[in-house]
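Commentary on secondary and tertiary structure
Residue strings, one per chain:
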Amino acid sequence: MIDLRSDTVTKPTPRMRQAMATAEVGDDGYGEDPTVNELERRAAEIMGKEKALFVPSGTMGNACALLAHTRPGDVVLMDAECHIYYYEHGGLAALAGCLPVLWDTPNGCPSPDFVQSHIGRNPRQFPPTTLVCLENTHNRRGGVVMTPEEIARVYAITQEAGIALHLDGARLFNAAVALRVSVKDFACHVDSVQFCLSKGLCAPVGSLLAGSEAFIARARRARKRLGGSMRQAGVLAAAGLIALTEMPNRLEEDHANARHLARALASVEALRVRSESVVTNIVLARTEELGVDAAEFAKRLAERGVLVAVYGPTTIRFVTHHDVTREDVERAAVVTLELCEELLRRKASRKGAVL
Ligand SMILES: *Cc1c(COP(=O)(O)O)cnc(C)c1O
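Here is a short report on the structure shown in this document. Everything quoted here is computed from the prediction, not taken from an experiment. (Residues numbered from 1 in each chain as written. Predicted model: local features only at pLDDT ≥ 70, side-chain atom pairs only at ≥ 80, totals over all residues. Heavy atoms only, no water.)

**Comments concerning the site of the ligand**
Inspection of the region around the ligand gives Ser57, Gly58, Thr59, Asn62, His83, Glu88, Glu135, Asp168, Ala170, Arg171, Cys196 and Lys199 as its neighbouring residues. Here Gly58 contributes a backbone N or O atom positioned 2.8 Å from an oxygen atom of the ligand. Contact between the ligand and Lys199: an oxygen atom at 2.6 Å from a side-chain N or O atom of the residue. Summarising the interface, the protein chains cover 86% of the accessible area of the ligand, which totals 380 Å² for the free molecule. Cavity membership is defined here by more than half of the atoms lying within 2 Å of grid points; on that basis the ligand lies in the second largest pocket. Top contributing element to the shell around the ligand by residue count: helix H3 (residues 58–69), with three residues. (Near = heavy atom within 4 Å. Polar contact = N/O pair within 3.5 Å; in protein donor to acceptor, adjacent residues only side chain to side chain. Areas by Shrake-Rupley, 256 points an atom, 1.4 Å probe, with all protein chains shown as cover. 1 Å grid on protein atoms, 1.4 Å probe; cavity = no way out; pocket = protein on both sides within 12 Å on 5 of 7 lines; lining within 4 Å. Sits in = over half its atoms within 2 Å of the grid points. Helix = DSSP H or I, 4+ residues; strand = E, 2+ residues; numbered from the N terminus.)

**Topic: the nonpolar core**
Core analysis: the biggest nonpolar cluster contains 57 residues, and Met47, Phe54 and Leu197 have the highest contact counts within it. Counting 31 residues, the second-largest nonpolar core is a separate cluster that includes Leu4, Val278, Val308 and Val329. (Core = buried A, V, L, I, M, F, W, Y, C linked by side-chain atoms within 4.5 Å. Buried < 20%, exposed > 50% of the residue type's maximum accessible area, 1.4 Å probe, protein only.)

**Some words on the packing of aromatic side chains**
Tallied over the full model, the rule gives four aromatic pairs. Aromatic side chains Tyr86 and Tyr87 sit 5.3 Å apart centroid to centroid with 55 degrees between the ring planes, which places their arrangement in the tilted category. Tyr86 sits in the partly exposed class, given a relative accessible area of 38%. With centroids separated by 6.0 Å and ring planes inclined at 45 degrees, the aromatic side chains of Tyr87 and Tyr311 adopt a geometry described as tilted. On the criterion of sequence distance, the pair formed by Tyr87 in the loop between helix H4 (83–86) and helix H5 (91–94) and Tyr311 in strand S11 (residues 309–312) is long-range, its members being 224 residues apart. Taken together, Tyr86, Tyr87 and Tyr311 form an aromatic cluster joined through their ring pairs. Directly above the aromatic system of Tyr86 lies the positively charged group of Arg140, at a separation of 3.8 Å from the ring centroid. (Phe/Tyr/Trp six-rings, centres within 6.5 Å; stacked < 30°, edge-to-face > 60°. Lys NZ or Arg CZ within 6 Å of the ring centre and 35° of its normal.)

**Section: the environment of Arg218**
Along the chain, Arg218 falls in helix H10 (residues 213–225). Given the relative accessible area of 34%, Arg218 is considered partly exposed. C-alpha of Arg218 to C-alpha of Cys98: the two residues are 120 residues apart in sequence and 17 Å apart in space. A distance of 2.8 Å separates the side chain of Arg218 from the backbone oxygen of Ala68, its partner in a polar contact.

**Re the layout of surface pockets**
Taken as a whole, the largest pocket encloses approximately 550 Å³ of empty space. Forming the boundary of the largest pocket are 21 residues, of which Arg140, Arg141, Gly142, Arg274 and Leu284 lie nearest the centre. Listed by contribution, the elements that provide at least two residues to the lining of the largest pocket are strand S9 (282–286) and S11. It is S9 that contributes the most residues to the lining of the largest pocket, five residues altogether. Of the residues that constitute the lining of the largest pocket, the class distribution is 10 nonpolar, five polar and six charged. What the second largest pocket holds in volume is close to 160 Å³. What lines the second largest pocket is a set of 18 residues, among which Gly58, His83, Ala170, Cys196 and Lys199 lie closest to the centre. Residue assignment for the lining of the second largest pocket shows that the elements contributing at least two residues are H3 and strand S7 (192–196). The element contributing the most residues to the lining of the second largest pocket is H3, with three residues. (Points joined across faces, edges and corners; volume = space filled by probe spheres on them. Nonpolar A, V, L, I, M, F, W, Y, C, P; charged D, E, K, R; others polar.)

What follows is the structure, given as structure tokens:
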């Protein structure tokens, strides 16, 4: 099977396994796990923030940020296709008690006017807007990248208003590699940032949340409330340290593989792949013009040995990662094109039958 469903399917590397086996550990509930402490220190340093917090998942990292930045009843501004809104099972409402107000733009970055108009609302009539959330790279929008300048424009507004800006940077290292900048260049324009070790960086478990010392102290209490405070978590942090320090450099390979796949798929117009918009490791394609829905298309690809994610009624997602090679990607492209041809022939013959 060639598994292109997600970069979360990556397995820990042999070096990670070894580091996990020999990790120095302690009780992180007491702040005594040296490997967790080292991971948090390195993460803060790499992001250019005062402190960082190791959490079991990206979803919990975002939830801790929401709890630390807001109070129940507050408005949080975010993109209509963002992960926090789409995939975190309503944590924003159920855990933080907040109300999302959504924008909808091609790369998931809000217009300054949108943010300004919601911040400036009459407090006698409207609940306060206390947080804006961004996502980079943007998953549901096809792994597109927001530039540091775009983020800085939003930050200027939130800073002026004295409200918080959070970055869901689950794949922030992919964004940095794509633009050839450092993750700090994004993180310096937000109050808090969450990033995943367990996606393209191949660690088995874990995310980090970074921000000011006062923010991380609040987030640490939120993590405890959510049940995410761990004990000898150094066995996980040991893999995380390798993910953080050694794996970002190879993400370019995943991006090149995704571009390669996108260029091949773009030869079938019906798939609606815009290869020029594939800048990181995600490729979205459409199935409606092939006469099948996404679930049917994914099932037929699986029968041919290629796994993809169903991303909407007629949208499928391919994600390249460490555990698929260029040959795998080429094979996946051939198999996908064969399936398309078959479906288009079937569609044409059906049309013929009707006439
Ligand atoms: C995967 C992902 C998350 C959540 O990470 P988990 O570790 O799966 O909880 C958050 N945001 C984005 C954009 C993601 O892609």
